Amino acid sequence: AGWQQHWSFIVPTAPELPRVQDGKWARNAIDTFVMARLESEGLRPNPEADSVSLQRRVTLDLTGLPPTVDEVDAFLADKRSDAYERLVDRLMESRHYGERLGQNWLDLARYADTSGYHFDGVRFMWLWRDWVIDAFNNDMPFDQFTLEQLAGDLLPNATPDQRIATGFHRNTMLNEEGGIDPLEFRFHAMTDRVATTGTTWLGLTVGCAQCHTHKYDPIPHREYYQLMAFLNNTEEPDMELPEPSEEAQYQARLSEAESLTATLAEQFPIEEAVWSTPTLTEARSKKGATVRP
């Protein structure tokens, strides 16, 4: 069998465009490859779809939702030559755009999974989910997107958002059953995080290297545990993350609660307890024994 370096480690290069008989049909380089394959199969492209179909396709692709009736009417009424491009711009400015692109990323991190081996408890990871959505909507560069999710807490003066980003690796399963060895399941969590890192960023599985080096595997045994050591050198902190818009209301209610608590003793006075110690003056035995108090 032919062997080469793993595909995810090979730098992509732009291939030459194939020659096609109908060069006028293609509007871009991808079209040229499509036409070349169609011609090789003796096929012709279908006619261009109508405006409503095009709008439905691109709206589903970019937002995961079908267009509304009003949106369809507005698109059909737009007779400008760049109406389609304007439609795409509007869709990419929608918050639903980040939600749609974020779906695949949340799947990579197993966001929808339940919390553990012991029972199917829920997770409260929606702050990280919102971080992912906002990152796509704000067009965050991929290198920054990567850095903050893998090591946002290690950045100098890390912001709460950068620490929230590391929630990518907080979707591992937990075991909260009594009697377990916490270090055993920490090890399972670390192997899971190594595997997720390899699948997501390296484009390959690294689980085989957990046991030993394989001749044709690009990740040797030693590098596997070097990567695990990086991920294992961490704590599992809980973060207090108040919602800014609700912080003032929270503080006001906290002050109100403190003032009410301070007057509880006055509203519900506690009766003074009277303690007494009984004194035994005389004792008798039914059987006639001598009894002394």
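The structure under discussion appears in the preceding block.
What counts and how
- Residues numbered from 1 in each chain as written.
- Predicted model: local features only at pLDDT ≥ 70, side-chain atom pairs only at ≥ 80, totals over all residues.
- Heavy atoms only, no water.
- Salt bridge = Lys/Arg side-chain N within 4 Å of Asp/Glu carboxyl O.
- Buried < 20%, exposed > 50% of the residue type's maximum accessible area, 1.4 Å probe, protein only.
- Helix = DSSP H or I, 4+ residues; strand = E, 2+ residues; numbered from the N terminus.
- 1 Å grid on protein atoms, 1.4 Å probe; cavity = no way out; pocket = protein on both sides within 12 Å on 5 of 7 lines; lining within 4 Å.
- Points joined across faces, edges and corners; volume = space filled by probe spheres on them.
- Nonpolar A, V, L, I, M, F, W, Y, C, P; charged D, E, K, R; others polar.

### Topic: the pattern of salt bridges
Summed over the entire model, instances satisfying the criterion amount to 11 salt bridges. Asp-82 is the partner of Arg-86 in a salt bridge, and the nearest nitrogen-oxygen pair spans 3.1 Å. On the accessibility criterion, Arg-86 (34% relative accessible area) is partly exposed. You can call Asp-82 partly exposed: its relative accessible area is 28%. Across the pair Asp-134 and Arg-95 runs a salt bridge whose closest N-O atoms are separated by 2.9 Å. With Asp-134 in helix 6 (residues 126–137) and Arg-95 in helix 5 (residues 95–108), this pair connects stretches of sequence that are 39 residues apart. Overall, the relative accessible area of 39% leaves Arg-95 in the partly exposed class. Look at the salt bridges and you will find they share partners, linking Arg-95, Glu-99, Arg-129, Asp-130 and Asp-134 into a network.

### Details of the layout of surface pockets
The computed volume of the largest pocket comes to approximately 1,400 Å³. The wall of the largest pocket is formed by 41 residues, among which Arg-170, Arg-193, Glu-235, Glu-236 and Pro-237 lie closest to the centre. Looking at the lining of the largest pocket, the elements that each hand over two or more residues are helix 6, helix 7 (142–151), helix 8 (160–165), helix 9 (182–202) and helix 10 (221–232). When residues of the lining of the largest pocket are assigned to their parent elements, the largest contribution, five residues, is made by helix 9. Class assignment for the residues of the lining of the largest pocket results in 21 nonpolar, 10 polar and 10 charged. The calculated volume of the second largest pocket comes to roughly 490 Å³. Forming the walls of the second largest pocket are 21 residues, and the residues nearest its centre are Leu-127, Ile-164, Pro-242, Glu-243 and Pro-244. Among the elements of the structure, helix 6, helix 8 and helix 11 (244–262) are those that each provide at least two residues to the lining of the second largest pocket. Its residues placed into classes, the lining of the second largest pocket shows 11 nonpolar, two polar and eight charged.

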